[in-house]
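One-letter residues, chain by chain:
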Amino acid sequence: MSEVDWQGALARAEAHAPFLALAMQKQPELLSLLAAGEGEAALARARAAGADAPDVGTALRRERWALALAVAVGDLCGAFPLLRVVGELSAFADRALDAAILDALRRRVPEAGRDGFFALALGKHGAQELNYSSDIDPILLYDPARMARRERDDPGEAAVRVARQVVQTLGSMDGEGYVFRVDLRLRPASEVSPLAIPAEAALSHYESAALAWERAAFIRARAASGDIAAGEEFLGAIRPFVWRKSLDFGAIAEIGRLTRRIRSHHGKVETVGPGFDLKRGRGGIREIEFFAQTHQLIHGGRHPALRVRGTRAALDALADGGFIGADEAQMLGDAYDRLRTVEHRLQMVNDQQTHSLPGDPAALDRVAWLDGMADGAALVAELAAITDAVGARYDRLIEADRAALPAAKPAISGADLVGQLAGWGFADAETLAERIDGWRNGSIRALRSDAAIAALDAVQPALLAALAAAPEPDRALVRWEQLIAHLPSAVNLFRLLEARPGLLDQLARILSLAPPLADELARRADLLDALIDQSALDLPGSVDELAADFAAAEDRDDYQQVLDRVRRLVGEKRFALGVQLIEGAHDPVAISAGLARVAEAAIRVLAGAAVAEFERAHGRIAGSEMVLLGLGRLGGGALTNASDLDLVFLFTGDHAAESDGRRPLGATLYYNRLAQRIVAALSVPTAEGALYEVDTRLRPQGEQGPIACSFDSFARYQQEDAWTWEHMALARARAVYGSAAACATLDGIMAQVLRRDRDGAALWQDVLAMRARMAAHKHAAGPLDAKLLRGGLVDVEFLVHALQLRDHRGFDPNLDAAIAALVAAGSLPGALPPAFAFLSRLLVAARLLAPDAQVPGAAACAALAKACGCGEWSEVEAGLARARSVVAAAWMQVFGEQLEIA
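Residues numbered from 1 in each chain as written. Predicted model: local features only at pLDDT ≥ 70, side-chain atom pairs only at ≥ 80, totals over all residues. Heavy atoms only, no water.

## Points about the side chain of T169
Working step 1: Here T169 lies in helix α8 (residues 155–171).
Working step 2: Residue class for T169 comes out buried when judged on its relative accessible area of 6%.
Working step 3: Other than its neighbours up to four places away in sequence, T169 contacts V56, G57, R61, A100, D103 and V179. (Helix = DSSP H or I, 4+ residues; strand = E, 2+ residues; numbered from the N terminus. Buried < 20%, exposed > 50% of the residue type's maximum accessible area, 1.4 Å probe, protein only. Contact = heavy atoms within 4.5 Å.)

## Observations regarding the packing of helix α14 (residues 285–299) against helix α16 (residues 326–350)
Working step 1: α16 packs onto α14 with a crossing angle of 140° between their chain directions and a minimal axis gap of 9 Å. Of the two possible hands of crossing, α14 and α16 adopt the one that is left-handed. Contacts between α14 and α16 involve I285, I288, E289 and F291 from the first element and E328, L332, A335, Y336, L339, R340 and E343 from the second. (Axes fitted to C-alpha atoms, helices over the stretch in contact; angles between N-to-C directions. Left-handed = near helix turned anticlockwise from the far one by under 90°.)

## A short note on the sheet that holds strand β1 (residues 117–121)
Working step 1: Reading across from one edge, β3-β2-β1-β4 is the order of the four strands in this open sheet, with mixed pairing throughout. Two strands lie at the open edges of the sheet, namely β3 (196–198) and β4 (222–226), each paired on one side alone. When the angles between neighbouring strand axes are averaged without regard to direction, this sheet yields 35°.
Working step 2: Against the sheet, α8 engages β1, β2 (139–142) and β3, with an angle of about 145° to β2.
Working step 3: Together, β1, β2 and β3 form the strand contacts of helix α9 (residues 199–208), whose direction differs from that of β3 by roughly 80°. (Pairing = 2+ DSSP bridges.)

## Some points on a negative patch on the surface
Working step 1: Together, D428, E430, E434 and D437 give the surface a local cluster of negative charge.
Working step 2: Locating E434 in the fold gives a position in helix α20 (residues 429–438).
Working step 3: On the accessibility criterion, E434 (55% relative accessible area) is exposed. (Patch = residues over 30% accessible without salt bridge, like charges linked within 9 Å, V, L, I, M, F, W, Y side chains within 5 Å. Areas by Shrake-Rupley, 256 points an atom, 1.4 Å probe, with all protein chains shown as cover. Salt bridge = Lys/Arg side-chain N within 4 Å of Asp/Glu carboxyl O. Lys, Arg positive; Asp, Glu negative; His and termini not counted. Charge placed at Lys NZ, Arg CZ, Asp CG, Glu CD.)

## A closer look at the pairing of strand β6 (residues 645–651)
Working step 1: Most of β6 sits out of view: seven of its seven residues are buried.
Working step 2: Of the two faces of β6, the one lined by L645, L647, F649 and F651 and the one lined by D646, V648 and L650 are each fully buried.
Working step 3: Bridge count between β6 and strand β7 (residues 694–695): two bridges; the pairing is parallel. Looking at β7, one finds that L645 is bridged to V694.

## Thoughts on the pattern of salt bridges
Working step 1: The full count for this structure, using the stated rule, is 48 salt bridges.
Working step 2: Taking the shortest distance from any N to any O, the salt bridge between D174 and R61 comes out at 3.1 Å. With D174 in the loop between α8 and β3 and R61 in helix α5 (residues 56–77), the pair connects residues that are 113 residues apart, well separated along the chain.
Working step 3: The class for R61 is buried, based on a relative accessible area of 8%.
Working step 4: One salt bridge in this structure joins E328 and R393, with 1.8 Å as the shortest N-O distance. Residue E328 is found in helix α16, and its partner R393 is found in helix α18 (residues 376–404); the two are separated by 65 residues along the sequence. Of the two residues, E328 and R393, neither departs from the other in class, the shared state being buried.

## Observations concerning the confidence of the model for the chain
Working step 1: For the chain, the average pLDDT comes to 90, and 94% of its residues sit at 70 or higher.
Working step 2: Per-residue pLDDT stays below 50 along residues 401–409; that stretch engages in ten contacts with residues further than four places along the chain or on separate chains. (pLDDT = per-residue confidence, 0-100.)

## Let's talk about the packing of helix α22 (residues 473–486) against helix α23 (residues 491–499)
Working step 1: Relative orientation of the contacting elements α22 and α23 amounts to 130°, with a least axis distance of 10 Å. Considering their axes alone, α22 and α23 lie oblique with respect to each other. Contacts between α22 and α23 involve W480, L483 and I484 on the former and, on the latter, L493, F494 and L497.
Working step 2: Residues belonging to the contact of α22 with α23 are distributed by class as follows: six nonpolar, no polar and no charged. (Parallel < 35°, antiparallel > 145°, perpendicular 65-115°, else oblique. Nonpolar A, V, L, I, M, F, W, Y, C, P; charged D, E, K, R; others polar.)

Right, here's the structure in full:
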């Protein structure tokens, strides 16, 4: 109905819903408000209906009776949309449960508060989507040390007594009805556990012994009543149980098995008609909920935006994140709203918790008339169309992975395996077959369980085929064995590869071509999860976008969680960028810039978290702040997969000031300790692994000086004491953390240093002497060391920085821009930009494909050639020689010195 029709709704309610008709007779004052169209006033009166009741139970029953009428009529007339209806019902459940808990506690301890006893709402109650006539399924937990009880009472017995009283208060029936049916069977180990459970015991259960369905249940869990703060703390503690950081494609299989059991048990009426179950039947309410929850279980650990409780909200979040289509989300959401609305109509008739269409055609007509439809046949036709569409989409979800796989092939062994391996081209197939059979002998920790062996059997044929097709099969297989040998558990990896067979080819290429990526996988197999997303081959967004992603709202107050989250997400971004490089998805120069953006975002988030954590103990220093200066490849915005972070720590304000915290420190000590904290945040390994190596040796006075110094000290040092090479380094520096005002001030300090007048001859002498010393002590690692080879990138940097300091031209941390400006001014030859670009591509690609700077195998050579824009390896060798010659010519033009590049 498009228009609000209070009178029509009241007439339909009286004619077709005996429960509502009785409620109208018993509450004439409320009826008058509804007849006048005063919906909000009616709700307010309903909430106060129990104000003069003699006890809590009676008050809640009166409120429930009044609210049932007000909400139903507002729903029927179109004044209250579905979200308002379920929201009002859920809010009442919260109030009722809270009142019953407090009343139960005070029966033994009259002055008791709610401390230490709380209720978690699950299911529709937790999602604030409660049915019109529903039971509630809370989990009652308590803290024995904080719950109010008599001194002689045993905490466990006292808690059970409270739980029983809560069930009695809400569930008992008298002439005024009841409040809620309470079902406590969703608690841990409900067949043997008490009605109320210590929070620590529940936490232990969820961490070690919980079942798959319990994970799904806690997607919608909410601290609803009692000690809300304690409930939220508990939910925070079990967040890793619910939202797993690695994708779990076993969730689809588990949900699929559950669906088939539900359809088998409740789907006796398989087509929409009399007796059809709107909740559990094919295409019904539960399948829409399961559809959303399955995607949340799989992806929610890595995408916090999906951690929403409501079904419609979850569908919208999945569409916003690109996990499902917008049209699909709209279809399922509209279907959900309509099915829930009809479900409410069924329950309004006699206040019964039913989900099935009436078997009697006359009763079905009355439900349709209550809803405002022509008759039962029209209602059935509408519902049939809805459930057919939902059921078809849900079927595709639970069958998708099965359909994506080839016909199941048992893992073969013995002579058959030898023949298969030989046919694929593996060297020494007989020895290799023995090794593969040996995977199952218990020597590999990750393969000691029956579940792991079964998961391996399912994926092994496709896995071996992918490894055989890899560029270097034998190397790929060895690295595969190293990978699984380092894993504590391999079940999820095998399930992932089974569910997404397209990943097998990527995995084989990684193992064959990129030793650093293979090593990372051996430490963290869940890095493959990053390749599932649609954005896996996209370059990272801006620093602002990345920082917002790294600093998830729910983790910001937990320092350790921030450290872990950033390490996890940075690892995934760096791994994905590495895969993009070996797949040739983007120019290595663009990948290098992406790595720099990732690092800068990590610095911003972790430095901010370290500052906030430090301030809790030591306070702040008025008019002062920390600023981080990035140098080298970080300053230039062009990192490689192996780059460390060159950082200088500076602070503004008076070095003699003192902080205002409970443990005050002088400014110099304050910022030096804070700098050490930031270095640790960026470099110390946590449970999620390491992050970056941090190099602070470019600070004033090098390793002999303090790790942090004031702006004034930095400016004075640069003007009076710094060496020429330090000014050269400053030409590629930029602030990567600090306020805009502080960064602008630092830019001004550096500009004064860089633009001061210099003696050209003395400058040239310093630069050439410094490069000669570097060449004598730091040799190229191999023929592909595009950085240290004479005529390589270091020589380009010396050329650029010397000219910048002499001519005061081309100052830009980005070397591409600096070179372009110097070429435009005639200071450098026009052939240098393409030579520099070639060397840069080779450096970035070789860090992954030839990390020892030696010429790799044929397959890696081909990948390197592609990354450098060459058709074959000989073109790479020629391009490197040509680029070095260009650099040598520029060196002769600028310095008048011959470079030995042979």
